[in-house]
Amino acid sequence: MTPLTITITENAAKHVRDFTGRESEDGVSLRVGVKGGGCSGLTYDLSIDADFKESDKVIEERGITILIDKKSYIFLAGTILDYSGGLNGKGFVFSNPNAKTTCGCGTSFSV
Amino acid sequence: MVNKQSTSSTQYIFDRSYLGIYEITGNDSLDLLNRLSSNKVDDLNINRGASTILTNSKGRVIDVITLFNHDSKIIMYTSKNNSREVIDWIDTYTFIEDITVVNTNSELDLITLIGDNWSIYLIQKPIIDKFACESLDINGTSCLLMRTDPTGFIGYDLLIPANNKNEIINFLSLINPDVEIINEYKYDYLRINEGIPRLDKEISENFNPWEINLNYLVNMDKGCYIGQEVILRLNTYEKVQKFLKRLSIELKDNQNNTNITFEDNSIGIITSVDNTNKIGLGVINKKYCKTGLTYQLVNENSELIGTAEILETELPNSIA
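We now turn to the structure provided with this report. Being a predicted model, the structure only gives us computed values, none of them experimental. For every chain, the first residue of the written sequence is number 1, and numbering continues from 1 onward in sequence order. Note on labels: chains are lettered from A, ligands numbered from 1, in written order. Under the rules for a predicted model, residues below a pLDDT of 70 receive no local features and side-chain atom pairs below 80 are neither given nor counted, while totals for whole chains, interfaces and linings still include all residues. Water and hydrogen atoms were dropped before computing side-chain values, which therefore reflect all heavy atoms in the structure.

The numbering of helices and of strands both runs from the N terminus, where a helix is a DSSP run of H or I of at least 4 residues and a strand a run of E of at least 2. When you go through chain A residue by residue, the secondary structure sums to 2 helices and 9 strands. Mapped in sequence order, the helices and strands of chain A form the string β-α-β-β-β-β-α-β-β-β-β. For the radius of gyration, the atom set is restricted to C-alpha positions; the globular benchmark scales as 2.2 Å times the number of residues to the power 0.38. Radius of gyration (C-alpha) of chain A: 14 Å, near the 13 Å computed for a compact globule of 111 residues. Its C-alpha atoms give chain A principal-axis dimensions of roughly 40 × 35 × 25 Å. Scored against the burial criterion, the 111 residues of chain A give a buried share of 43%. Contact criterion: two residues are considered in contact whenever any of their non-hydrogen atoms come within 4.5 Å of each other. Partitioning the contacts of chain A with sequence separation of at least 6, the portion at a separation of at least 24 is 55%. Method for areas: the Shrake-Rupley scheme with a 1.4 Å probe, in which residue coverage is limited to the protein chains shown. A total of about 6000 Å² of accessible surface is found on chain A, and carbon and sulfur atoms cover 52% of it. As used throughout, the charge tally considers Lys and Arg to be positive and Asp and Glu to be negative, leaving His and the chain termini uncounted. By convention, charge coordinates are those of NZ in Lys, CZ in Arg, CG in Asp, or CD in Glu. The average position of the 12 basic charges and that of the 14 acidic charges among the side chains of chain A differ by 7 Å. Per-residue accessibility, obtained with a 1.4 Å probe over protein chains only, is compared with the maximum for each type, and a residue is labelled buried under 20%, exposed over 50%, and partly exposed between these values.

Residue and element names in this part refer to chain A. Relative to the helices and strands, asparagine 98 is located in the loop between strand 7 (91–95) and strand 8 (101–102). C-alpha separation for the pair asparagine 98 and isoleucine 74, spaced 24 residues apart in sequence, amounts to 8.9 Å. When residues no more than four places from it in sequence are discounted, the contact partners of asparagine 98 are Ile74, Phe75, Leu76, Ala77, Ser110 and Val111. The definition of a polar contact used here is a pair of N or O atoms within 3.5 Å, where within protein one atom must be able to donate a hydrogen and the other to accept one, and adjacent residues in sequence count solely through side-chain atom pairs. Polar side-chain contacts of asparagine 98 include one of 3.1 Å to the backbone oxygen of phenylalanine 75.

All names here are of chain B. Two strands pair under a simple rule: DSSP has to find at least two bridges between them. Read from one edge to the other, the open sheet built from 6 strands follows the order 8-9-10-7-1-11, with strand pairing classed as mixed. Strands at the two margins of the open sheet, each flanked by one partner only, are strand 8 (133–138) and strand 11 (179–181). Pairs of neighbouring strands in the sheet enclose a mean axial angle of 25°, with direction left out of account. When strand 1 (residues 11–15) meets strand 7 (residues 108–114), the two strands line up antiparallel, connected through 4 bridges. The residue bridging aspartate 15 from the neighbouring strand is isoleucine 111, located in strand 7. The convention used is that axes are lines fitted to C-alpha atoms, helices contributing only their stretch in contact, and that angles between N-to-C directions extend from 0 to 180 degrees. Contacts from helix 5 (residues 184–194) reach strand 1, strand 7 and strand 11, with the element oriented near 120° to strand 1.

Residue and element names in this part refer to chain A. Of all 9 residues in strand 2 (residues 28–36), 8 are buried, a share of seventy percent or more. Pairing between strand 2 and strand 5 (residues 64–68): 4 bridges, direction parallel. Across the sheet, valine 28 pairs through a bridge with isoleucine 64, a residue of strand 5. With 7 bridges connecting them, strand 2 and strand 3 (residues 42–48) associate as antiparallel partners. Residue pairing in the sheet places valine 34 in a bridge with tyrosine 44 of strand 3.

Before going further, it helps to spend a moment on the side chain of serine 38 of chain B. Residues and elements named next belong to chain B. Mapping serine 38 onto the fold places it in the loop between helix 1 (29–36) and strand 3 (48–55). Only 2.6 Å separates the side chain of serine 38 from the backbone oxygen of leucine 217, close enough to count as a polar contact. Residues within four places of serine 38 in sequence aside, it is in contact with Thr52, Ile53, Leu217, Val218, Asn219, Lys222 and Tyr225.

So, about the state of the cysteines. Criterion for a disulfide: a pair of cysteine sulfur atoms within 2.5 Å. One pass over the structure, following the stated rule, counts 0 disulfides over all chains. Its sulfur unpaired, cysteine 224 of chain B is 3.9 Å from the next cysteine sulfur, which belongs to cysteine 39 of chain A.

The subject of this paragraph is the interface of chain A and chain B. Contacts between chain A and chain B engage 16 residues on the former and 17 residues on the latter. Throughout, buried area stands for the accessible area (probe radius 1.4 Å) lost by two parts on being put together, summed over both. Among the residues of chain A in contact with chain B, Gly36, Cys39 and Lys71 of chain A are the three that bury the most area, contributing 42% of the side total. Salt bridge, as used here: a side-chain nitrogen of Lys or Arg that lies within 4 Å of a carboxyl oxygen of Asp or Glu. Inspection of the chain A/chain B interface yields 0 salt bridges. Counting every contact that joins chain A to chain B gives 6 residue pairs in polar contact (both at pLDDT 80 or more). Contributing elements (two or more residues each) for the side of chain A that touches chain B: strand 2 and helix 2 (70–76) of chain A. If you tally residues by element for the side of chain A that touches chain B, the top one is strand 2 of chain A, at 4 residues. In the scheme used here, Gly and all other residues not listed as nonpolar or charged are polar, with Ala, Val, Leu, Ile, Met, Phe, Trp, Tyr, Cys and Pro taken as nonpolar and Asp, Glu, Lys and Arg as charged. Here the side of chain A that touches chain B is built from residues that sort into 5 nonpolar, 7 polar and 4 charged.

Encoded structure:
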């Protein structure tokens, strides 16, 4: 059964903090969402966003506040957000159990 | 690609209010439509328009929509039969975007004006650019003139308030001495004769953009949209297997589902036939896309009902 949460790995959390320039573990809000488009129909969307909306699903994990809009959450429940570094790394990587197909570049999926 | 431009000294009026007419507002409107369709529309300037193809993840055509950026909103029209499908498609892929889509068919009508002289009569200009639009006043009624060339000839869509339609058509008939108000058959004849695909005929999920001469609406550099990977791969690896052709035909009886055969091989289908049964459009296997071949036309019971030959003319870049 797909867990009804979104998990962020320590490596990804570290890079979110690096990206915001904050070394402390508190006060970093990451909005995780889905956008229409991409070859397969849906693409992942990440942004640093402290603007909490009442309808958002909020998950606290590794010092990061993850905000997800209601509609995106349907497509993202169970997703693990990781970070692939190095010269050949892909950056933030989504492991989404709801994705039936993923396009060649890995950023677009369909359910 | 060279776009053939036909001219017409006769001026035609055709009521295309059957198209789905929408007004789209919101800061993310063009960005979202750009992510869902094949042409680059996120940078559409004010008073400019574009047609763009909504494709599914298999690269098949859902519909071709036409957009105009005017008066702080986007005017969109779709084929009427596909309106619900288009709106559902946009809605499915709307998450947190700031976009509102409102159907305006009860308030607005669309009159198509075909012929070279309409811009002189209406806005005192010899011509306006394709996909440009201009506001104008007709007898005290605010209207919008948009050049789209829907039959291959120079042509405009005039967006008018629905309750002024008859009055405006009467006015247009009087200011222009060579005007003819045409019906569905004549409109279809004009566009088939020019080789223009039409919504619900050639433009359908049976085909990808390359197969029905919509190449000019596929932007190769814009980045991802739904179906892009399939569409570009078909082109890159030359995997497109069939093409839209204008045909000279001899047909006893125009029937649905007419197949094109050659030496007992099924090589394509007829997609449109004009009301004289002399000119048609068909999508034909590329191996057989040659002038000088005479094809057989057969109905769904495999009975011979006519013959066809390709008229090797370059097809214009328009949709009807």
